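# Fold and contact review
The residues making up each chain are set out below.
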Amino acid sequence: MAERRLLVLFGSQTGTAQDTAERIGREAKRRHLRCRVEALDSCDVANLIHEPLVVFVCATTGQGDPPDNMKMFWRFLFRKNLPAGSLCQLDYAVLGLGDSSYPKFNFVAKKLHKRLLQLGGNPLLPVALGDDQHDLGPDAVVDPWLVALWDKILALYPLPPGLEIISPNVRLPPKYTLRYLPEDSPHPDSDLLQPPAPRAAPCELHPFAARVLSNQRVTAQSHFQDVRLIEFDIAGSGITFSAGDVVMIQPQNCPEDVQQFCQLLRLEPHRRFVLEPTEPGTPLPPLLPQPCTVHYLVTHYLDISCVPRRSFFELLTSFSTNELEREKLQEFSSAQGQEELYSYCNRPRRTTLEALWDFPHTTCALPADYLLDLIPRIRPRAFSIASSLLARPERMQILVAVVRYKTRLSKPRRGLCSTWLASLNPEQGDVRVPLWVKKGGMKFPADPATPVIMIGPGTGVAPFRAAIQERVALGRRGNCLFFGCRYKSKDFYCQTEWEELVTKGLLTLFTAFSRDQEEKVYVQHRIRENGRLVWELLSSGNAHVYLAG
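These figures come from a predicted structure and were not determined experimentally. (Residues numbered from 1 in each chain as written. Predicted model: local features only at pLDDT ≥ 70, side-chain atom pairs only at ≥ 80, totals over all residues. Heavy atoms only, no water.)

## Describing the domain arrangement of the protein
As assigned here, the protein comprises domain 1 (5-156), domain 2 (208-250 + 380-438), domain 3 (255-374) and domain 4 (452-547). Each of domain 2 and domain 3 has a C-alpha centre, and these two points are 28 Å apart. Each partner contributes residues to the interface: domain 2 has eight residues there, and domain 3 has 12 residues. For the pair domain 2 and domain 3, the summed buried area comes to about 680 Å², and 40% of that belongs to carbon and sulfur atoms. Looking only at domain 2, the three residues that lose the most surface to domain 3 are R408, L409 and R413, adding up to 53% of its buried area. Seen at the junction of domain 2 and domain 3, the total is one salt bridge. Among the ionic pairs, E354 bridges to R413, the shortest N-O distance being 2.8 Å. (Domains from an automatic or database assignment. Contact = heavy atoms within 4.5 Å. Buried area = accessible area lost by both parts, 1.4 Å probe. Salt bridge = Lys/Arg side-chain N within 4 Å of Asp/Glu carboxyl O.)

## Considerations on the side chain of D491
Among the structural elements, D491 can be located in the loop between β19 (479-485) and α15 (495-503). It turns out D491 is buried and unbridged, and the closest side chain with the opposite charge, R486, is 5.6 Å from it. In terms of polar contacts, D491 uses its side chain to reach the backbone amide nitrogen of Y487, at 2.9 Å. Sequence-distant contacts of D491, defined by excluding residues within four places in its chain, comprise T219, H223, F483, C485 and R486. (Helix = DSSP H or I, 4+ residues; strand = E, 2+ residues; numbered from the N terminus. Buried < 20%, exposed > 50% of the residue type's maximum accessible area, 1.4 Å probe, protein only. Lys, Arg positive; Asp, Glu negative; His and termini not counted. Polar contact = N/O pair within 3.5 Å; in protein donor to acceptor, adjacent residues only side chain to side chain.)

## Digging into the sheet that holds strand β11 (residues 272-277)
Strand order in the open sheet formed by three strands is β7-β11-β12, and the pairing between neighbours is antiparallel. Only two strands of the sheet have a single partner each, and these edge strands are β7 (176-180) and β12 (292-293). Taken together, the five bridges between β7 and β11 define a ladder with antiparallel strand orientation. Bridge assignment links Y176 to a residue of β11, and that residue is P277. (Pairing = 2+ DSSP bridges.)

## Quick word on the UniProt feature "domain: FAD-binding FR-type" (unreviewed entry) in the protein
The UniProt feature table records "domain: FAD-binding FR-type" (unreviewed entry) at residues 205-445. Structurally, residues 205-445 comprises 29% helix and 21% strand, and the distance from its first C-alpha atom to its last is 32 Å. (UniProt positions renumbered as here; feature names shortened; annotations may be inferred.)

## Considering the pairing of strand β2 (residues 34-39)
The pairing of strand β1 (residues 5-11) with β2 spans six bridges and is classified as parallel. Bridge pairing in β2 links R5 to R34. Handedness of the β1-helix α1 (residues 16-30)-β2 crossover: right-handed. (Right-handed = clockwise from strand over helix to strand, strands pointing away.)

## Looking at the packing of helix α5 (residues 255-264) against helix α6 (residues 294-301)
Two elements in contact, α5 and α6, have axes separated by 10 Å at closest approach and are oriented at 125°. Put simply, α5 runs oblique to α6. Our pair here, α5 against α6, has a crossing hand that is right-handed. Across the interface between the two elements, V258, F261 and C262 from α5 touch V294, H295, V298 and T299 from α6. Partitioned by chemical class, the residues of the contact of α5 with α6 number five nonpolar, two polar and no charged. (Axes fitted to C-alpha atoms, helices over the stretch in contact; angles between N-to-C directions. Parallel < 35°, antiparallel > 145°, perpendicular 65-115°, else oblique. Left-handed = near helix turned anticlockwise from the far one by under 90°. Nonpolar A, V, L, I, M, F, W, Y, C, P; charged D, E, K, R; others polar.)

In structure tokens form, the structure reads like this:
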């Protein structure tokens, strides 16, 4: 009998595709299939020719781009020299997750499906196109598609004699077991972020612990929005970047949330443990030290402030001994309960920690072993770099609007990363932030004679500050900036810097302060007023236009 094995590969930017891939992995285990779930870039593409059965789950990002963790796979798959029949052994299915309000809806999934067909693959089902815009979200497509998928797979790979599908009421074992170490075992201090020894350029698995040099509020104290200009010391990191590039920052949970979470789950923060995979061959999470403290796990790894997904409530249901709580959890886990779940979680932006508070009996019964199945890891956040190495060698600056807003919940919602960054005070000692750099989508012209029109309202001006600093350092003129904010006196970022460049004739600046007069004035009004100049730069100067905001 053919070996019953399935490979689930995902390309995920925000975690939704990974969450769906892991759901497929759990459903495969219930059907007694040997199953691996991996990011597309973690798998050896050349081995695809030996795989009998693969399900691809992929999101589409930006303007029809593949997610970061499938970019290498994407480049390999579209190589011209791959033979037409190279995947003729492969049975496959593609599940796309997208948003139909974007023009390139599910572009990656459609293109992947087509390419696998070209290479001789055999599709088990038509490509599924999950849509965020649907009232029930992507699950409206995913749920029925998965029912059809399992029918196909079980027809090809029937259950072994004597085995039945494991009921959804039976809890699967956790991915890892937390084995606590004796209290008196010797331990190095793993809670400190050690600056790594110089190696290859920093990346997600090996970020650089950059020292915070300054953290300055650049909006007036009376202004509703707190915006920070933060500077990092990147000396000795090997990091290089140019205008338009992006810095990725790995945030952490705030101490109050960590303390609450540990109290709620009756965890001892100082306890140390090692993770042991339940199934041999399961890799350990790469970003957790071994051994690790509970405090480190909750502070740096578990995303306790994210809005929980349906899979969170599914797993929670299996621990619930309280009838009222279990009924509610079952509703949130069901296809019919998705509108109710949206109203409970997504609309008010309720966090995982707050959801756990709402189900106290279930939360008390939750074994620590399941924490890594229940709660996703904290994802890095991207910021446009707002400075140039030519102007500030060995330094990097970012412009951060601190995210804070009200929903119907009494406590204001706060952005995890921006709130943490704003709280860092370099005057209180050696404060460090784990970061690495990614190529951005903006490329500025190589020809020094090409003028540049930049439209950057609010913190959207960050990449243009880097570009202007870089271009001025290289002696390039033709820098034209349209900047907009609410008030000249409250949120006109980098005002003195721009004014000095204007005085020196190195920058043409147009400002729109929307609330400084009766009628609102925005950057588009200033563009229209200066239409002749803009057209001249475009038609005779061949100017490049950039927009960020």
